[in-house]
Amino acid sequence: MSTRAIPLAHPMLFAAGAVLLTYGSEVRAQQQESAGAIQEVVVTAERRESTLQDTPIALSVMDAGVLADRGITDLEGVVRSSPSMSFTPYNPSSNTLALFMRGSGVQDPGQITIDTAVGLYQDGFYISRAQLVTFDLADIERVEVLRGPQGTLYGRNTTGGAVNLISRKPSGEFGFRQEVGFGSEGRFRGLSVLDLPKWGGLSAKLSFLKRQQNGYVKSMGPSHDFGEDDQTAGRVALRWDNGAPLTADYFYERGDLNSTPAYYVNAALVGLIPGYVDQGKPESHSYRPIDLPESKGKFEGQGLTLSWAVNDALTLKSLTGYRDIDTIYFQDYAETFFVGFRSTDDIQSHQFSQELQAVGSLLDGRIDYVAGLYYFKEAGRHYQHTVITNVPGFPALLLDKNRFVEMESKSKAAFAQLTWKPPVLEDRLALTFGARYTKDQRSADRRIMNTYFGYPIGVEPAPGLINSNNVESSRFNPSFTANFSWTKDISTYLRVATGYKAGGSSESVDVGQFGLTFKPENVELYELGLKSYLFDRHVRLNVAVFDSKYKDMQLFFPTNPSDMSVLPAINAGKASIKGLEIESLWQPTDDLSFTINYTYLDPKYDEVRAPAGTIFDPAVNSASPYRVGQNVKDLFSFGYAPRHSVDASTNWTFLKFAKSDLTAILDYRWSDRTYHTGGAGPGVPDHVRASRPAFGLLDARLSWQMEFGKESRGRIDLWSKNVTDQKWPLYVIGMGAPLPVRDPLTTVVTPAGMNVAPIAWAERRSYGINLVYEF
């Protein structure tokens, strides 16, 4: 298929299409909804309750029923089912996810001095670190995925979008739910949820989760296998509501997430190392005994939301949150980098946030508004220990690297958003104006001790070497949306929004260069959207066409020709990402539905200026054919932005009994080629080696749902993921350089190009059974 086969729509044609959809639907919109009509979905994406179709942003929602039908129990499942979203586990840790939305994310989520571009929120509270975000979605009411910059209401680090995880609140009525699941590779998942009766004005809910999975690549050694997962978590939720204007919601949660990373292979090592095996698919076991410790992590979180309904037109809210993570993870890359490479990372983070909101309306509802103040503080530390040795048969090598980084970050913001319905056009037009002003400050200190055969070769701090930095910035982010309702069921919107990813520093700069910092990365979004119900609400069709323009992009550049892992981040790029998103749901009856979601992304670097002091600079790399300031955009590509992706599913209740029914659920996901490593653009020889080929996965589920009485019910699900047993790379590590590099120590010139890449293969077909009972 040609990459130009699906052009972006011209705005006039887009509007004309909305008018044509309106034709003939005015009368139907006033009629009684027919059986099987699609039900409204309530969301809080804009800090107040509204429906999915009335919210003029690109937004996807999965409620508890959809999550159960698709077997989604974690953030990984949410990403796979959301348009424009991509992810990969961080190569040293399966419990750290690199999240991307609309091509925007972060290349190295393991650095605590760098922020991501996709905001993750739990019950309104920001989760700043990518570590331990693989926690089980144990008692979720719904998930909201907001695509595109959310700089006004959500603030910094949402240039790609935001994901809201919204938990079920205590009901105030006695109830109990027990879930038990078993599956291949020793899978087990048990979830117990107890809802207690209201006592006075207090309601409470308790939940406990246990989840386990064996590794799918066995280690030949005596310790752990690759791909293990072991989670234990508990949560207490309290709600105070005695009928007075003031309500309070509080939660406390704690969890342990233990795991082991993926197993990497490199086809270039076959024949080079005796006994090395790479079959081009997931290996059953490691090629040699590997002593792999279990990576351990724990998190603790608290949140208090106070809501005071001052009157019918004003509600004041206070959100106070705290989250603490502590994790240590281990990886042994089994010589895939042509050397022995073992790493240990120990990360701690403590974050606190306070938000005040005023949510209200004026002029008899003609104006709706949200305004607030926000404060965020995070303190963290990261210790990394890396040991590099040579493979058998090669000259001895022993490089020991130790790095310790401490960081503190603060952010303060004031924001407001106002929606006005002018008294014209029968109240069909709504104009939304928003703005946010933010001040950020981040400081960091670093200590380094690197040795070569025990001799120090890099020490920090040392006289004359900078080992600390401080970054301060402020940003004003406006937004504007015009939404027009052609009928009750069809509307179009124009959205202009801005956002930014916070500035910081790179932990991996060379000794003495920790004073190097980068400033925020900025984005402007222009988006046209359609939201519609068609055919008496048996079809829901939502479309978004967008163009995101990035400036001051934070890009990584090697600065040491002898060590390509020395990577400061520099503001050196401009880019645009154009795209088309189509979400469609057809529900001909209550018992049958079809969903098709399609995404087209066209990311392009418009400008990347070769920075001084990097391997592009001939003064640093004498083999560089470029000059400082030259546009080298063809050497860079966007990671995690497949050009085409499709998600198609069907849900069919094909057999009904008096008190039970059988439902078949199929879901097929296909993704185009994806580049996993920045810096491998079309101008780099063999750049496709740093990419994951296109692949498609089919999941299937058979669900038997039963009613045992007036208040009790059960469910038995038989499921399989990757039914056709496809082999596909979970992660590809690009090895090589985008240009020739001369090592000043050996004078050897490494030619430009990507080498055969280390690959971590995903688990093949899995299957299991889930049982649920609740009353």
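Above: the structure in question.
Quick notes on the rules
- Residues numbered from 1 in each chain as written.
- Predicted model: local features only at pLDDT ≥ 70, side-chain atom pairs only at ≥ 80, totals over all residues.
- Heavy atoms only, no water.
- Helix = DSSP H or I, 4+ residues; strand = E, 2+ residues; numbered from the N terminus.
- Rg over C-alpha atoms; globule rule 2.2 N^0.38 Å.
- Buried < 20%, exposed > 50% of the residue type's maximum accessible area, 1.4 Å probe, protein only.
- Contact = heavy atoms within 4.5 Å.
- Areas by Shrake-Rupley, 256 points an atom, 1.4 Å probe, with all protein chains shown as cover.
- Pairing = 2+ DSSP bridges.
- Axes fitted to C-alpha atoms, helices over the stretch in contact; angles between N-to-C directions.
- Salt bridge = Lys/Arg side-chain N within 4 Å of Asp/Glu carboxyl O.
- Core = buried A, V, L, I, M, F, W, Y, C linked by side-chain atoms within 4.5 Å.
- Phe/Tyr/Trp six-rings, centres within 6.5 Å; stacked < 30°, edge-to-face > 60°.
- Patch = residues over 30% accessible without salt bridge, like charges linked within 9 Å, V, L, I, M, F, W, Y side chains within 5 Å.
- Polar contact = N/O pair within 3.5 Å; in protein donor to acceptor, adjacent residues only side chain to side chain.

(A) Representation of the overall build of the chain. Each helix and strand in the chain was counted, giving four helices and 41 strands. Its C-alpha atoms give the chain a radius of gyration of 27 Å, within 12% of the compact-globule value 28 Å for 775 residues. For the chain, the spread of C-alpha atoms along the principal axes amounts to about 80 × 55 × 55 Å. In the chain, which comprises 775 residues, the share counted as buried stands at 56%. In the chain, once contacts between residues fewer than 6 apart in sequence are set aside, the share between residues at least 24 apart is 69%. Accessible area for the chain stands at about 31,900 Å²; split by element, carbon and sulfur atoms hold 59% of it.

(B) Quick look at the side chain of Thr 663. Counting through the fold element by element, Thr 663 comes out in strand 30 (residues 660-671). By relative accessible area, which is 3% here, Thr 663 ends up buried. Residues within four places of Thr 663 in sequence aside, it is in contact with Asn 651, Trp 652, Thr 653, Phe 654, Arg 701, Leu 702, Ser 703 and Gln 705.

(C) Examining the sheet that holds strand 40 (residues 759-761) more closely. The three strands lie next to each other as 15-40-35, forming an open sheet whose pairing is antiparallel. Both edges of this open sheet fall to strand 15 (264-265) and strand 35 (729-732), since each of them pairs with a single strand only. Where strand 15 and strand 40 come together, two bridges link them in antiparallel fashion. In the sheet register, Tyr 264 faces strand 40, and the bridge partner there is Ala 760.

(D) The arrangement of the sheet that holds strand 3 (residues 59-63) in detail. In spatial order, the strands read 3-8-9-6-7; together these five strands make up an open sheet with mixed pairing. Two strands in the sheet have a free side with no partner beyond their single neighbour: strand 3 and strand 7 (125-127). Between one strand and the next, the sheet's axes are offset by a mean angle of 20°, whatever the strand orientation. Where strand 8 (residues 140-147) meets strand 9 (residues 161-167), seven bridges bridge the pair, whose relative direction is antiparallel. Within strand 9, the residue paired with Arg 142 across the bridge is Ile 166.

(E) Structural view of the pattern of salt bridges. Throughout the structure, instances matching the rule amount to 58 salt bridges. Ionic pairing is found between Glu 253 and Arg 235, a salt bridge with its closest N-O pair at 2.9 Å. In this pair, Glu 253 sits in strand 14 (residues 246-259) while Arg 235 sits in strand 13 (residues 229-240), placing the two residues 18 residues apart along the sequence. A relative accessible area of 7% places Glu 253 in the buried class.

(F) Quick look at the nonpolar core. Formed by 29 residues in total, the largest nonpolar core has its most connected members in Tyr 605, Phe 616 and Phe 636. At the level of elements, strand 25 (521-534), strand 26 (539-556), strand 27 (569-589) and strand 28 (592-608) are the ones that each hand at least two residues to this core. If one sorts the elements of this core by residue count, strand 26 sits on top with four residues. Dropping the residues within four chain positions of it, Phe 616 is found in contact with Phe 557, Ala 610, Ser 624, Tyr 626, Val 632, Leu 635, Phe 636, Pro 738 and Leu 739.

(G) Fine view of the packing of aromatic side chains. Taken as a whole and assessed by the stated rule, the structure comprises 31 aromatic pairs. Judged by centre distance (4.8 Å) and plane angle (75°), the rings of Phe 484 and Trp 486 are edge-to-face. According to the relative accessible area criterion, Trp 486 is partly exposed, its value standing at 22%. Judged by centre distance (4.5 Å) and plane angle (20°), the ring pair of Tyr 605 and Phe 638 falls under stacked.

(H) Seen up close, a nonpolar patch on the surface. Together, Trp 652, Phe 654, Leu 655, Phe 657, Leu 702, Trp 704 and Leu 718 make up a nonpolar patch on the protein surface, roughly 670 Å² of accessible area in all. Within the residue set of the nonpolar patch, elements represented by two or more residues are strand 29 (644-656) and strand 33 (695-707). Classification of Leu 718 as partly exposed rests on a relative accessible area of 47%.

(I) Seen up close, unusual backbone geometry. Here Glu 460 and Pro 461 are connected by a cis peptide whose omega angle stands at 5°. Examined against the element boundaries, Pro 461 turns out to sit in the loop between strand 22 (455-460) and strand 23 (468-485). We note that Glu 185 has phi near 55°; this positive angle belongs to a residue other than glycine. Mapped onto the fold, Glu 185 is located in the loop between strand 10 (175-183) and strand 11 (187-199). In this structure, Glu 335 is a non-glycine residue whose phi angle is positive, near 70°. Within the secondary structure, Glu 335 is located in the loop between strand 17 (314-332) and strand 18 (339-362). Glu 335 gets classed as buried once you look at its relative accessible area, which sits at 6%.

(J) Structural detail: the pairing of strand 16 (residues 296-311). Bridge count between strand 14 and strand 16: 11 bridges; the pairing is antiparallel. By the bridge assignment, Phe 251 is partnered in strand 16 with Gly 303. By the bridge criterion, 15 bridges tie strand 16 to strand 17 in an arrangement that is antiparallel. Counted as the bridge partner of Ser 307 is Lys 317 from strand 17. Here strand 16 folds back onto strand 17, and the loop between the two strands holds two residues.

(K) Structural view of the side chain of Thr 134. Locating Thr 134 in the fold gives a position in the loop between strand 7 and strand 8. Here the side chain of Thr 134 touches Asn 95 through a polar contact of 2.7 Å, side chain to side chain. Beyond its immediate chain neighbours, meaning those up to four positions away, Thr 134 contacts Asp 74, Ser 94, Asn 95, Leu 97, Arg 211, Gln 231 and Leu 257.

(L) Looking closely at the environment of Leu 99. Mapping Leu 99 onto the fold places it in strand 5 (residues 93-101). On the accessibility criterion, Leu 99 (7% relative accessible area) is buried. For the pair Leu 99 and Lys 656, spaced 557 residues apart in sequence, the C-alpha separation works out to 41 Å. Not counting chain neighbours up to four residues away, the residues in contact with Leu 99 comprise Leu 75, Val 79, Ser 86, Phe 87, Ser 104, Gly 105, Val 106, Thr 116 and Val 118.

(M) Quick peek at the pairing of strand 34 (residues 713-721). Sheet topology note: the strand 33/strand 34 ladder contains eight bridges and is antiparallel. Looking across to strand 34, one finds that Gln 705 is bridged to Arg 715. The turn linking strand 33 back onto strand 34 is made up of five residues. One ladder, built from nine bridges, connects strand 34 with strand 41 (residues 766-774); its direction is antiparallel. Across the sheet, the residue bridging to Asp 717 is Asn 770, located in strand 41.

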